[in-house]
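Secondary and tertiary structure notes
Chain by chain, the residues:
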Amino acid sequence: MFIKKIQFPREVHIGSNIIDSTGQICRDLRVDGKIIVVSGKNTYKIGGKSVIDSLESNGYDVDRIQINDATLNSVKAVEEKSKGFSLIIGVGGGKVIDVAKLASTNLGIDFISAPTTGSHDGIASPLASIKDSNGSTSLKAQSPIGVIADTNIISSAPFELLSSGCADIVSNYTAIKDWQLAKRLQNDNYSESAAALSLMTAKLIIQSADSIKPHLEESARMVVKSLISSGVAISIAGSSRPASGSEHKFSHALDKTTSKPALHGHQCGVGTILIMALYGGNWQCIKNALKTMGAPVNAHELGIDEEDIIDALTNAHNIRKERYTILGDRGLSRSAAKNLAVKTGVI
Ligand SMILES: NC(=O)C1=CN([C@@H]2O[C@H](COP(=O)(O)OP(=O)(O)OC[C@H]3O[C@@H](n4cnc5c(N)ncnc54)[C@H](OP(=O)(O)O)[C@@H]3O)[C@@H](O)[C@H]2O)C=CC1
Ligand SMILES: O=C(CO)COP(=O)(O)O
Ligand SMILES: [Zn+2]
C-alpha cells in the first residue's frame, strides 16, 4: 500500500522581538527536558544568546554549540553534544537550520527553527541541504515542531540576505518547469498541490517585488511568510522538487567551482534567468523582478568570474543526476553555455 507522510510545523510565530518569548513558546509546546541551541559565529550574538536567556528564565537547562558549515561533520558534532537533550533549536541562517534539523532527526528528538534571516526556504521544510564532495545533497529530515521568526532581527540583517530569500522563491518558477518535464519524460512523482503552492508563492513575491525594502519589518514578515509557504510545498512533495530544479543545480555547481560563492538564493536567482531562457520562457520578467528586489542579475553583481559561470553551467547536470531536468544527461556544451549567458546578460 502506498503511504504518504506529510509533516508540518505545529506552531509558527512571526513577530517583532518574538525571540524573547522562546521559553514560553517551548513551555506551550510542552517541551520537557534539556534544550540545546545551535548557532553560527555571528548568529549566536544576533539571536542565540537571547534564545538561551529566554529559555533559562523559563527554567530550562540549556547548552549551546557553534557550527561553521553545513557538512556531515557539523551534523555529527551537534549529535555528539546533543545526547541526553530533548530539543534542538537552530538559531541562524540556512546552514545552521539544516545542520540542527538533520542532527535532531538522527537523534529522534524535536527541533525548532529560529531563523535570523529570510535568506532561504528551508526554514519550515523537512529537508536538509548538506555540502559534500558532490556539491550538495538534499537529505530527508523532519519538519520543525515550531518556527520562531523574529522580524526585528530579520529586518535588521543585511538586506542582501532578504533579497537572497526572495530570489530563492523566484527560482520556484523553473523548478516547477523541470519537475513537470521530469513527470512527462520520466514519470517522476509529481504533486499538483505542491506545485500550485510553490508557483503561487513565487508569483506573489514577484507581484510584491516593489514593497520589499531594506530594514522594514513588514517586508521581512512578507518574505518569511512566503519562505514558509515554499517550505510547506516542499513538505507536501516530500522532496525539494517544488523549489529546486536545474537553477539550483547551477548554484550547487557554482559552490563547487568558484572560490568565493555568493549567497545561495542569489545564485539560484541568476540560475533562474538562465534556465528560463533555456525553456524559451519570459526570462526578462524574472530578471526585472530580481532587479526590483535588489538581487543580483549577472556575474559581476554576484561577484563571480564569468568563466566560473560557464563552468557551473556546463557541470550543473552532474549534480544530483537522479533529478531529471532540462539539462538532461549531457548538459550544456561550453559554447551553448556561453551563448546563453551572453544572451541573458549574465556575462
Ligand atoms: N533545507 C532546505 O530546504 C534549504 C536549504 N538551503 C540551504 O541554506 C543555505 C543558505 O542559507 P543562507 O542563510 O543563505 O546561508 P548561511 O546560513 O551560510 O548564512 C549566511 C551568513 O549570514 C550570517 N547571518 C545570518 N543571520 C544574520 C543576521 N541576522 N545578521 C547578520 N548576519 C547574519 C551567517 O552567520 P553565521 O556565520 O553565524 O552562520 C552567515 O555568515 C545553503 O546551504 C542552502 O543549501 C536553502 C534553501 C532550502
Ligand atoms: O535550496 C533548496 C530549495 O530552495 C533546497 O534544495 P536542494 O534540494 O537543491 O538543496
Ligand atoms: Zn534554494
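Residues numbered from 1 in each chain as written. Chains lettered and ligands numbered in written order. Predicted model: local features only at pLDDT ≥ 70, side-chain atom pairs only at ≥ 80, totals over all residues. Heavy atoms only, no water.

**Observations regarding the site of ligand 1**
- In the region of ligand 1, 27 residues are neighbours, and Asn42, Thr116, Thr117, Ser119 and Leu127 sit closest.
- With respect to ligand 1, the backbone of lysine 41 contributes an N or O atom lying 3.1 Å from an oxygen atom.
- At 3.0 Å from an oxygen atom of ligand 1 is found a side-chain nitrogen or oxygen belonging to serine 125.
- When ligand 1 sits alone it has 930 Å² of accessible area, and the protein chains cover 85% of it.
- Across the shell around ligand 1, the residue classes tally to seven nonpolar, 13 polar and seven charged.
- The residues that make up the shell around ligand 1 include at least three from each of domain 1 (11–156) and domain 2 (159–343). (Near = heavy atom within 4 Å. Polar contact = N/O pair within 3.5 Å; in protein donor to acceptor, adjacent residues only side chain to side chain. Areas by Shrake-Rupley, 256 points an atom, 1.4 Å probe, with all protein chains shown as cover. Nonpolar A, V, L, I, M, F, W, Y, C, P; charged D, E, K, R; others polar. Domains from an automatic or database assignment.)

**Considerations on the sheet that holds strand β1 (residues 11–15)**
- Strand order in the open sheet formed by six strands is β1-β8-β5-β4-β2-β3, with parallel pairing between adjacent strands. Bordering the open sheet on either side are β1 and β3 (62–66), each of which pairs with just one other strand. Ignoring strand direction, the axes of neighbouring strands in this sheet form an average angle of 15°.
- Relative to strand β4 (residues 87–92), strand β2 (residues 35–39) runs parallel, the two sharing five bridges. For serine 39, the partnering residue across the bridge sits in β4 and is valine 91.
- Packing against the sheet, helix α4 (residues 94–107) makes contact with β2, β4 and β5 (110–115), and its axis sits at approximately 170° to β4. (Pairing = 2+ DSSP bridges. Helix = DSSP H or I, 4+ residues; strand = E, 2+ residues; numbered from the N terminus. Axes fitted to C-alpha atoms, helices over the stretch in contact; angles between N-to-C directions. Contact = heavy atoms within 4.5 Å.)

**A short note on the packing of helix α11 (residues 264–278) against helix α12 (residues 283–292)**
- Contact geometry of α11 with α12 gives a least axis separation of 8 Å together with a crossing angle of 165°. The orientation of α11 with respect to α12, classified from their angle, is roughly antiparallel. For the pair α11 and α12, the sense of crossing is left-handed. Residues Gly269, Val270, Thr272, Ile273, Met276 and Ala277 of α11 pack against Trp283, Ile286, Lys287 and Leu290 of α12. (Parallel < 35°, antiparallel > 145°, perpendicular 65-115°, else oblique. Left-handed = near helix turned anticlockwise from the far one by under 90°.)

**With respect to the UniProt feature "binding site: NAD(+)" (unreviewed entry) in the protein chain**
- The UniProt feature table records "binding site: NAD(+)" (unreviewed entry) at Gly94, Lys95, Val96, Ile97, Asp98, Thr116, Thr117, Gly118, Ser119, Ser125 and Leu127.
- You can see valine 96 is positioned in helix α4.
- Judged by its relative accessible area of 2%, valine 96 falls in the buried class.
- Excluding anything up to four places from it in sequence, valine 96 contacts Val38, Ser39, Gly40, Thr43, Ile67, Gly90 and Val91.
- Within the fold, threonine 116 resides in the loop between β5 and β6 (127–132).
- If near-sequence neighbours (up to four positions away) are discounted, threonine 116 is found in contact with Thr43, Ile46, Val91, Gly92, Gly93, Ile153, Ile154 and Ala157. (UniProt positions renumbered as here; feature names shortened; annotations may be inferred. Buried < 20%, exposed > 50% of the residue type's maximum accessible area, 1.4 Å probe, protein only.)

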